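# Analysis of the macromolecular model
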Amino acid sequence: MTFGHNPARRSTVAALSVVALVGVAACGTPESEKESSDAGPITIGISLPLTGDFSQPGTQAKRGYEVWADMVNEQGGILGRDVKLKITDDASNQDTVVADYTRLITQDKVDLVLGTFSSLLNFPASAVAEKNQMVFVEPAGGAPEMFTRGFKYLFFAQQATAQHQADIFVKYIEGLPESARPKTAAYPTQDDPFTRPVIESMQKQLEGMGVKTVYSEVYPADTTNFQSTAVTIAGKKPDLIAQGAVFEDGIGLVRSLQQVGYTPKMLFQTSAPSNAGQYSSGIGEANTDGVFYTVSWNENAETPNNAEFVKAYADAYENETPAEDAADAFAAAEVLQKGVEEVGSIDQTKIADYLHENEVETILGPLTWDETGAPQSEFLLAQWQDGKVEIVGPEEAATTDETIDVKPEWK
Amino acid sequence: MEQFLQALVLGLLIGGVYALMASGLTLVFGVMNVVNVAHGATLVGVAMLTWWVWNATGVDPLLIGIVLVPVMFGVGWVAYRGVISRISTESVSMSVLLTFGIALTVEGVLNVVAGNKFRSATPSYFDESLRVGGLILPKAQVYGVTLALVTLLALYVVLTHTWTGRAIRATSQNPSGAALVGISAAGTSALTFAIGTATTAVGGSILSVLYPFFPASHYDWISRLLGIIVLGGMGSLPGALVGALLLGVAETMTATYGSLQWATVVFYVAILIVLLFRPEGLFGSRLREDVA
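Throughout, residues of each chain are indexed from 1 in the direction in which the sequence is written. Each chain takes a letter, starting from A, and each ligand takes a number, starting from 1, following the order in which they are written. Local features in this predicted model are restricted to residues whose pLDDT is 70 or higher, and side-chain atom pairs enter the listing and the counts only when it is 80 or higher, whereas totals over whole chains, interfaces and linings include all residues.

## Topic: the overall build of chain B
- Across its full length, chain B holds twelve helices and two strands.
- Counting from the N terminus, the helices are the DSSP runs of H or I reaching at least four residues and the strands are the DSSP runs of E reaching at least two. Across chain B, helices and strands are ordered from the amino to the carboxyl terminus as α-α-α-α-β-β-α-α-α-α-α-α-α-α.
- Throughout, the radius of gyration refers to the C-alpha atoms, and the reference size of a globule is 2.2 Å times the residue count to the power 0.38. Since a compact globule built from 292 residues should have a radius of gyration of about 19 Å, the 19 Å found for chain B is in line with a globular shape.
- Structurally, chain B occupies a C-alpha span of about 60 × 45 × 35 Å along its principal axes.
- Comment: burial labels come from other C-beta atoms within 10 Å of the residue's own C-beta, placed from the backbone, where a count of 20 or more is buried, 12 or fewer is exposed, and between is partly exposed. For chain B, buried positions account for 56% of its 292 residues.
- Any residue pair is listed as a contact if its two C-beta atoms, each placed from the backbone, are within 7 Å. Of the contacts formed within chain B by residues at least 6 apart in sequence, a portion of 78% connects residues at least 24 apart.

## A word on the overall build of chain A
- From N to C terminus, chain A includes twelve helices and 14 strands.
- Over its C-alpha atoms chain A spans a radius of gyration of 23 Å, differing by no more than 12% from the 22 Å that the globule rule assigns to 411 residues.
- Taken along its principal axes, the extent of the C-alpha atoms in chain A is 70 × 65 × 40 Å.
- Across the 411 residues in chain A, those meeting the buried criterion constitute 53%.

## Here we look at the sheet that holds strand β1 (residues 42–48) of chain A
All names here are of chain A.
- Here a strand pair is declared whenever DSSP counts at least two bridges between the two strands. Strands sit in the order β2-β1-β3-β4-β5 across an open sheet of five strands; the sheet is parallel. With partners counted over all chains shown, the strands left at the sheet margins are β2 (83–89) and β5 (154–156), one partner each. Ignoring which end each strand starts from, the neighbouring axes of this sheet average 25° apart.
- Of the pairings in the sheet, the one linking strand β3 (residues 112–114) to strand β4 (residues 136–138) comprises two bridges and is parallel in character. Among the inter-strand pairings, Val113 is bridged to a residue of β4, identified as Phe136. Axis definition: a line fit to C-alpha positions, over the contact stretch in the case of helices; interaxial angles, taken between N-to-C directions, run 0 to 180 degrees.

## Re the confidence of the model for chain A
Residues and elements named next belong to chain A.
- As a per-residue quantity, pLDDT reports the predictor's confidence and falls between 0 and 100. Scored by pLDDT, chain A has a mean of 89; 91% of the residues are at 70 or more.
- Confidence drops under a pLDDT of 50 for residues 4–11, and excluding neighbours within four residues, the segment shows 18 contacts in the predicted structure.
- Here residues 13–36 is a poorly scored stretch, pLDDT under 50, and it has 37 contacts once near neighbours within four places are set aside; other chains count.

## A short note on unusual backbone geometry
- The step from Gly393 of chain A to Pro394 of chain A runs through a cis peptide bond, and the omega angle for that step is -5°.
- Among the secondary structure elements, Pro394 of chain A is positioned in the segment after β14 (388–393).
- With phi around 55°, Ala91 of chain A is a residue other than glycine that occupies positive phi space.
- Inspection of the secondary structure puts Ala91 of chain A in the loop between β2 and α3 (94–107).
- For Asn33 of chain B, which is not glycine, the phi dihedral falls at a positive 65°.
- Along the chain, the position of Asn33 of chain B falls in the loop between α1 (2–32) and α2 (39–57).
- We classify Asn33 of chain B as buried; it has 25 C-beta atoms within 10 Å.

## Notes on the nonpolar core
- Among buried residues, those of type Ala, Val, Leu, Ile, Met, Phe, Trp, Tyr and Cys that are joined through C-beta atoms within 7 Å form a set called a nonpolar core. Ranked by size, the top nonpolar core spans 208 residues in total, and within it Val113, Phe330 and Val335 of chain A together with Ala19, Ala22 and Ile229 of chain B carry the most contacts.
- Among the elements that take part in this core, α1 of chain B stands out by supplying 17 residues, more than any other.
- The two domains that each donate at least three residues to this core are domain 1 (42–160 + 302–367) and domain 2 (164–298 + 380–397) of chain A.
- Apart from residues lying up to four places away in sequence, Ala22 of chain B is in contact with Leu225, Ile228, Ile229, Ala240 and Ala244 of chain B. Residue ranges for the domains trace back to a domain assignment, done automatically or taken from a database.

## Some points on the domain arrangement of chain A
All names here are of chain A.
- The assigned domain composition of chain A is domain 1 (42–160 + 302–367) and domain 2 (164–298 + 380–397).
- For domain 1 and domain 2, the distance between their C-alpha centroids amounts to 29 Å.
- At the junction of the two partners, domain 1 supplies 16 residues and domain 2 supplies eleven residues.
- Elements with a minimum of two residues in the side of domain 1 that touches domain 2: α4 (119–131) and α11 (324–343).
- Top element by residues in the side of domain 1 that touches domain 2 is α11. It accounts for three residues.
- Ten residue types, Ala, Val, Leu, Ile, Met, Phe, Trp, Tyr, Cys and Pro, are classed as nonpolar, four, Asp, Glu, Lys and Arg, as charged, and the remainder, Gly among them, as polar. Taken together, the residues of the side of domain 1 that touches domain 2 sort by class into seven nonpolar, six polar and three charged.

## Brief notes about the pairing of β1 of chain A
Residues and elements named next belong to chain A.
- With six of seven residues buried, β1 is to be regarded as a mostly interior element.
- Orienting the strands away from the viewer, one traces the path from the first strand over the helix to the second; a clockwise path indicates a right-handed crossover. In this region the chain leaves β1, passes through helix α2 (residues 55–74) and returns to the parallel neighbour β2; the handedness of that crossover is right-handed.
- Pairing of β1 with β3 involves two bridges; the strand directions are parallel. Paired with Ile44 across the bridge in β3 is Leu112.

## A look at the interface of chain B and chain A
- Each side of the interface is counted separately: chain B has 56 residues, and chain A has 49 residues.
- Elements with a contribution of two residues or more to the side of chain B that touches chain A: α1, α4 (92–114), β2 (135–138), α6 (163–173), α10 (237–257) and α12 (288–291) of chain B.
- With seven residues, the top contributor of residues to the side of chain B that touches chain A is α1 of chain B.

## Brief notes about the environment of Leu112 of chain A
Residue and element names in this part refer to chain A.
- Relative to the helices and strands, Leu112 is located in strand β3.
- Sequence separation of Leu112 and Phe194 is 82 residues, and the distance between their C-alpha atoms is 26 Å.
- Those residues in contact with Leu112, other than ones at most four positions away along the chain, are Ile42, Ile44, Val135, Leu336 and Ile346.

## Topic: the environment of Leu267 of chain A
Residues and elements named next belong to chain A.
- Here Leu267 shows up in strand β9 (residues 266–269).
- For the pair Leu267 and Leu120, spaced 147 residues apart in sequence, the C-alpha to C-alpha distance is 27 Å.
- Setting aside chain neighbours within four positions, we find Leu267 in contact with Ile241, Gly290, Val291, Phe292 and Lys407.

## Points about helix α3 (residues 61–82) of chain B
Residue and element names in this part refer to chain B.
- Multiply 1.5 Å by the residue count of a helix minus one, and that product is the helix's expected span. The end-to-end C-alpha separation of α3 is 29 Å, in line with the 32 Å expected for 22 residues at 1.5 Å each.
- Bend is computed residue by residue as the angle between axes fitted to the seven residues ending at the residue and the seven residues starting at it. Along α3, the largest kink reaches about 40° and is centred on Leu68; proline Pro70 follows within four residues of it.
- Within α3 the residues assigned to the buried category are Pro61, Leu62, Ile64, Gly65, Leu68, Met72, Val75, Gly76, Ala79 and Tyr80.

## So, the packing of α10 of chain B against helix α11 (residues 265–277) of chain B
All names here are of chain B.
- One way to put it is that α10 packs onto α11 with a least axis distance of 8 Å and a crossing angle of 130°. Put simply, α10 runs oblique to α11. For the crossing formed where α10 meets α11, the hand is right-handed. Across the interface between the two elements, Leu246, Leu247, Ala250, Glu251 and Thr254 from α10 touch Val266, Phe267 and Ala270 from α11. Oblique is the label for any angle not under 35 degrees, not over 145, and not in the 65 to 115 range, which are roughly parallel, roughly antiparallel and roughly perpendicular in turn. Left-handed describes a crossing whose near helix is turned anticlockwise from the far helix by less than a right angle; the clockwise case is right-handed.

Below, the structure is given as structure tokens:
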């Protein structure tokens, strides 16, 4: 049976494309030297993906910034002035984020800006800041492309760029006795600027150590079905599966591997396992045992201000534990704060120079940057053990010295 | 050969669920000339509701879906009477704008009420599989597709064997003719929209078991479902079924024999090719207006 009496079918197509056409492109004009009035609060402009695809991490980043601002204001502000955040929603859209930062800088004349979430949005946003000579400290956005543009005002407030995110895991494998190391490995990864370089660089390093690659595939972000992938991977029986997983895809592949009945000896996933409760409820808590991932922050780390941050966050948000994205945002704000305080004024160039030359203590640990704004430290290696997350490396940050070297079978 | 069969079976299992999800969308378009962009948001809303009831009571999510059918029927009826009916004489582009607005509203409400988090229902069988010969059939997928096919069959019987169904089809084929024999266009439209929305009760509950979701997931779903009904022919129920199965099989075959990277693209390439030769889609009918 066929339905339809539509005289205007063509206009349907036209109407659908209207939906896609939401977004405004804008271009920035260089900011002349800002005369910072010493009275009144310091305004910090931020555009975040509060709706759309990145709304989840975007909302966490907003909370991280707000907790930071409240804490700073309680302690008398920066340079004796209160801090005021001006946060707008870019709807996870690249055009909107450009328009937002342009407006914040040129029309609202904010004193400082802080970065947004994801490489996708930070890439164009940082260009607006650079053009206007504003320091741009970003809490996320470690894709290699970010740091090949020779920007002087860009700083990434995590320990390492994406290519170096898994170095610590490779080191861990290197430290295992020869017989315990994986001999074969499978590398499925989402085509995402933050996961793909992690996995590709890990693959290269492990191949260098003699780990044979039996599967290596990139899948687009809208992939939802992983059963056939799991069947293919299981057929190759890899010792290690290292997946560049954002979130749903991480849950999807693990569930499919469970359905197929294949447990690898080692399982590494990028971001997915860091979403504590959502990850364990998605795949079953018992099945998390032994899963590795790298992460920028841990709630139990003994870094300056970390305990205060966790407490302030819990007080503000119904006793929840902060997500990594909230902690990263807090750290980005700490970096900017340190720069301003050390320079003693809001002079963007001097702040940038300071950050290029000095180490800054954050809740993530100490951070330093090279001339492109790429950070020079290393991530934390985390592992799910008994339904909890433990940090197993590097040694000075570890919460336990036990590691699960062979992943137990799916329950 | 076994690899081929495995990919085929998995593809059909995936496609069967897609078919149910797309059925309400194509029905509403065919009868009412409304492109319901909020269909994906309704699915995600039902998934959230299912998850919540499942989490609180432990009742099987698919069973919850069946119970929600009359509820969603009511929601659809009220939505039509309250909002959609106001644009019944407007162009189809108005329906896109209106329902897009509804989708954004649903997403926003879910964000506030349920929180911006990923969820997925994990009943005991979610990670288990049936094994037939060497083939692996994930239980959740098998149960989901069975329920989907039963629902589609019920929908088909209602449309072909009841007076209500005949009235709906008559209105779809010739609204003025239907009006002449005493069928109320407004009443039929309300009923169609209610039935279309009722299908999301089952579709959404299956979604909650098979796929992790969060409030903004509806964008992915609506684009996939629109792709299916454009390929099948907008307004055609068999078209939606065939389009959905093709999408499922194209995905698994490409993932198995080609590259995973192309798995989702292949389907859209297939749409382009089909539309080149059959602008009305596989099962769509060509109207005088289209030819002119």
